[in-house]
Each structure stands twice: as structure tokens, then as C-alpha cells.
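Architecture at a glance
Listed below are the residues making up each chain.
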Amino acid sequence: MINNPILKGFNPDPVICNKGEDYYIATSTFEWFPGVRIYHSQDFINWDLVATPLDRVSQLDMNGIPDSGGVWAPCLTYSDGLFWLVYSNVKSVDSPWKSGDNFLVTAENIEGPWSEPIKLKFGGFDPSLFHDDSSRKFITYRQWGARHHSNPHNNIIVQEYFHDEQRLSTDRKIIFGGTHRKLTEAPHIYKVDDFYYLLVAEGGTVYDHAVTVLRSKSVFGPFELHPDETILTTNDKPEAALQKAGHGSMIKTHSNEWYMVFLVGRPLPDTIKITDNKISGYCPLGRETAIDKIEWRNGWPYVVDGAHTKLQVEAPTFAALSSTSTTATSHVSSDDFIDNFDSNTLHPQWQTLRVPFCEKMGTLTENKSGLRLYGQEPLISQFPQSTLGYRWQHFDFDATTSLSFTPTNEQQNAGIACYYNTKNWVYCFVDFDESLGIRALKVIQVDRGEASYYLYEHPIHIPDSVTNISLKVCVRGTRLTFEYSFDDSTWQPLNMVFDAWKLSDDYVKGKGFFTGAFICLHCSDLSGEGAFSDFHQFKYIPNL
């Protein structure tokens, strides 16, 4: 059996493809760099992170973009001996309508190198590339602009793409305007026998989310709706552990079985409310990736055992033959993560905000075992920060770091943060308290843009003799607390409790609520005097 979700923590908008018996899922990364995460499996049970293809500013320039901008809904396909990746770089989110650019990169191998981008000239988002069996190629997308920001304008557009000329046809065809669910997006086209099938997401990427299916004898339509309209939704299943199901992508396996990957959200049990058969709750882990099996009846796809989510799904027949199928849990989401920073490259599980990890941000070569972060912008900034983020993947976990830091003024700080976006985070840090002339431990919370300050009047004094300062984040369901140690063995709790559930799409809301909670290592220096902090280790340990 496959355990859902297969990709835990912030891994939304999945798209699946294969090259022979190797299967790949690409997910969105929004403002986190490198852009797009690609996972590999040969059994649909175990998934390993194998590529982060958008690793250069020439491919993805996100400096200054808003929260939840950047890479939306990539599409990964394999055809003509190449992997093809199309993606949006969204630059306007919290505005009358969204805007950005769309690009295509290719690679012979999934690990790269990936090409320089081809800019695709169309006005929309969630681009998808379809390779027809006639060798023609088509781009589908959701249109945007002043009249297409939100309901009732939900047009899905198709345009032919000519790769030899690196251009799109000027003929734009509207192939679907949405159902009553509206918020139609994330189109993917598939050719099965004599029909072209169009999968779209509808209902918005929250609790009314759904996968809607249509078919046509032509890629240009007209398309007829599935007899059930939607083949997957949880808007009428408040008891389901996996909610927000939508944004699907189908695949036929080499064993002639069909599956669909899709995004889900897991609300914290203690936050769930059900009113009039409708659920609400908070999902700090963000939107995750799940999978289910597809069967065909009367020329239409259906989710096996009903149009709802399941915690366990039957694995494909070839899973038993795979040498990697020794466990039913995902490699990328269940193990402890320990980084001693003893490599000369950053571990791929880390991501940075908006810009790549570079010498201005930090280095792994200054110390033989350690990460040095140079102070840049604070956590509220949309411009270059020295921030490394690791995804929350569990409701209960401890995250620990040890750092050395000798600030000389109160504009310099370094520490560990629980972060959703620039307006929502909690940060436990070391700075220099100028009024007392000491190094001190303090906490700041920014909640929907409003700051609260802790331990400022009575900060915790860090003795001069202490070199290594250990900080720990303890998350237990809805509760978030901090602890510290000056000898890495005797831990002292900070006498304050924060709401872990607030670091969620559901609490942040607004027009930029598409990511998930991270544990971050951070160093900032508003004085510009060159402060830096050395981080010696990081541990993320689930409390299972």
C-alpha cells in the first residue's frame, strides 16, 4: 500500500510524468529558491528529491517579488528525448489582478543541466505543455488580466507551440470557461484512444477544491463535461483526514495502470470545526501531495472507490518488484533530518528566500564543519535575506541548532525562526542589548504584520564565556515553544507559548497564502557592519 500524503510538508501543485520505468513529480516552490522540486520513484511508495532545476537567476529572478509570488504550478513532461519544464514567475499577487512571466526549460537528464529559459509570450498562469501523438505541441493555461482576475472569468486557453521557432501561435482558443465551482485553473491535456481529456482544478485551493474532467475529439474542443463533473473533491467529506483535494495530474504506468497525483491539506485535529457539513481548520504543513488510483468506465476516468481522499492506496503491480519498496513511507518526509554542514555544497532540502545561496549570503567553506551566514535583510524583507528554510512535515517535532554569534549592536541578530511569510513568523534570536551592554536572547513575533516583542525589558543574559548557543523549537500540535542551552545538554524553556496553527494558509489568508511553515536559520545586520553567525548543526526530529 501507498501511504498518503506521499510528499509531506509544503509540496503543492503536483504534476507527474515518466521516462520508462522512472517516475517523476514536480511541485511548486513559490518564493523559495531554487525553483521547482522534482521527486523520483520506481514504486510510487518511496519518493526521493533528485532535482531542483531552476537554480540560476537567469532562469528565475525573484528578487523583490511578493509573498506567494514566484513559481506557480510547473508542468513537467518527457518527450522527444527531453524533459520539458514550463513554469510561471508571478510578480504581482496582492493587487487588483495577478501578473508575471512564463518560461520553458529543457534537459536531457532530470538532474540537469537545465537549459536557459525560453520566454513564452502569453498572459496567464498554470501553464501546461501537451505533446500530441501527431508531434504537435500545445500550451494550455488559465488566462489573467484586468477582466480575468477572479470570478466569473475562468477561461482556459490553448495555443499551439512551435519549438523550432520558440514561439506560440497567435491563435488563442478558449476551450473551457469553468463550471459553477469557478476559480478554474491548472489545466492538463491527455490523449487516450480517440479523445483528448482536459483536467482542471476548480473551487479555489482551499476546502472547496476539486478536480474537474472534460473530453473532446479535438484539442480545440468543444469539450463535454464528465458525467460527475468532478472526479475528486472533499468539499462534502468533512470527516476526511486529507482535505482541499484538487489540482490533479494523471499518468498511465508501464504496467497499464492509471494513477493521479493531487494536492491535499491536513488540518490540525484540534482546530477542526464542522458546521452544516462543511469543515474549517488550520493546515500549517501547507498543501501536500497525495496519490490515488484511476479506473476507466465508459470512456471516462474515475477515482477507484469513490471521489474522495484516502490515507492508503493500492500500489501499482510493479511496486513489489522494486528494490526500493522495503517500506511504505516516503523517504523525503518521515526520516529525521540532521545536517552538520560538513559538505562544500548546501543540502538540497534547504531552500533560500527569493535569491540563491551565494557568497554574499553565506558559505560552507569558512569552517570545516559549519555554516556561516552573513547578516543581510530582516525577516520582513522581500529583498535578499540570509535565511535558510526547512519544511515542517509533521504536527509534532523538535528542531535544534547550535550557533556562535558575537553581535556588537542591537541591529545585528541571528537565530532560529518559525516562518510562513514576511508578515507571519516567530523568531528566537541572539542580539546585543546596548542598554545593558550584554549579548541577549530575545523573541519577536510578527502576526499578520503586527509585531510583538518578548524578553526586551528583561532579556536572557548570555555570558561572555559561552561560545556555542543552542536553540530549540518544540512544536506540539497547536503549540509552539522555544528552549535554549548554553552547554548543549541542559535545556531551559522560554516562558511563552505561541500558536503553531497561525503559520498556515488558513490563518494568513488574503491573496498570498500558498506556501507552508518552515524552520529557518537566519542572520540579519541592518547596521551594515558585516556581522555574521556560524551555525554548527541543525536537527529536525519528528515526535512520532
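Everything quoted here is computed from the prediction, not taken from an experiment. (Residues numbered from 1 in each chain as written. Predicted model: local features only at pLDDT ≥ 70, side-chain atom pairs only at ≥ 80, totals over all residues. Heavy atoms only, no water.)

**Side note on the sheet that holds strand 20 (residues 243-252)**
Taken in spatial order, the four strands make up an open sheet running 20-21-24-25, and their pairing is antiparallel. Whereas interior strands pair on both sides, the edge strands pair on one side only; in this sheet they are strand 20 and strand 25 (300-303). Strand-to-strand, the axes of this sheet are offset by a mean angle of 35°, without reference to chain direction. (Pairing = 2+ DSSP bridges. Helix = DSSP H or I, 4+ residues; strand = E, 2+ residues; numbered from the N terminus. Axes fitted to C-alpha atoms, helices over the stretch in contact; angles between N-to-C directions.)

**Re the layout of surface pockets**
Here the largest pocket is characterised by a volume of approximately 620 Å³. For the largest pocket, the lining is made up of 25 residues, of which Phe130, His131, Ile189, Tyr190 and Met250 are closest to its centre. Residue assignment for the lining of the largest pocket shows that the elements contributing at least two residues are strand 2 (15-19), strand 7 (70-79), strand 11 (124-131), strand 16 (185-192) and strand 20. Among the residues forming the lining of the largest pocket, the class breakdown is 14 nonpolar, seven polar and four charged. (1 Å grid on protein atoms, 1.4 Å probe; cavity = no way out; pocket = protein on both sides within 12 Å on 5 of 7 lines; lining within 4 Å. Points joined across faces, edges and corners; volume = space filled by probe spheres on them. Nonpolar A, V, L, I, M, F, W, Y, C, P; charged D, E, K, R; others polar.)

**Observations regarding the sheet that holds strand 8 (residues 82-92)**
The pairing of strands in a sheet happens through backbone hydrogen bonds and is either parallel or antiparallel. Reading across the sheet, the four strands line up as 7-8-9-10 and stay open at both edges, with antiparallel pairing between neighbours. Of all the strands in the sheet, just strand 7 and strand 10 (118-120) have a single pairing partner and so form its edges. When strand polarity is set aside, the average angle formed by the axes of neighbouring strands in this sheet is 25°. The pairing of strand 9 (residues 99-107) with strand 10 spans three bridges and is antiparallel. Across the sheet, residue Asn102 finds its bridge partner in strand 10, namely Leu120.

**As for the pairing of strand 32 (residues 396-405)**
Burial within strand 32 is extensive, with eight of its ten residues counted as buried. As paired strands, strand 32 and strand 38 (residues 469-476) are joined by eight bridges and run antiparallel to one another. If you follow Leu403 over to strand 38, its bridge partner there is Ile469. Where strand 32 and strand 43 (residues 532-542) come together, nine bridges link them in antiparallel fashion. Bridged to Asp398 within strand 43 is Ile541. (Buried < 20%, exposed > 50% of the residue type's maximum accessible area, 1.4 Å probe, protein only.)

**Let's talk about the packing of aromatic side chains**
According to the stated counting rule, one finds 44 aromatic pairs in the structure shown. Between the aromatic rings of Phe341 and Trp350, the centroid separation amounts to 6.1 Å while the plane-to-plane angle is 25°, which identifies the pairing as stacked. Of the two residues, Phe341 and Trp350, neither departs from the other in class, the shared state being buried. By the ring-pair criterion, three or more aromatic residues cluster together here, those being Phe10, Phe30, Trp32, Trp72, Phe125, Trp144, Tyr419, Phe513, Phe514 and Phe518. For the cation-ring pair, Lys137 lies above Trp84, with the distance from its terminal atom to the ring centre recorded as 4.6 Å. Taking NZ or CZ as reference, Lys472 lies 4.3 Å from the ring centre of Trp491, over its face. (Phe/Tyr/Trp six-rings, centres within 6.5 Å; stacked < 30°, edge-to-face > 60°. Lys NZ or Arg CZ within 6 Å of the ring centre and 35° of its normal.)

**A look at empty space enclosed by the protein**
Following the criterion strictly, the structure yields two cavities of 30 Å³ or more and no others. Approximately 50 Å³ is the volume attributed to the largest cavity. Contributing to the lining of the largest cavity are Asn424, Trp425, Val426, Gln445, Val446, Asp447, Asp499, Lys502, Leu503 and Tyr507. Elements with a contribution of two residues or more to the lining of the largest cavity: strand 34 (424-433) and strand 35 (438-447). For the lining of the largest cavity, a count of residues per class yields five nonpolar, two polar and three charged.

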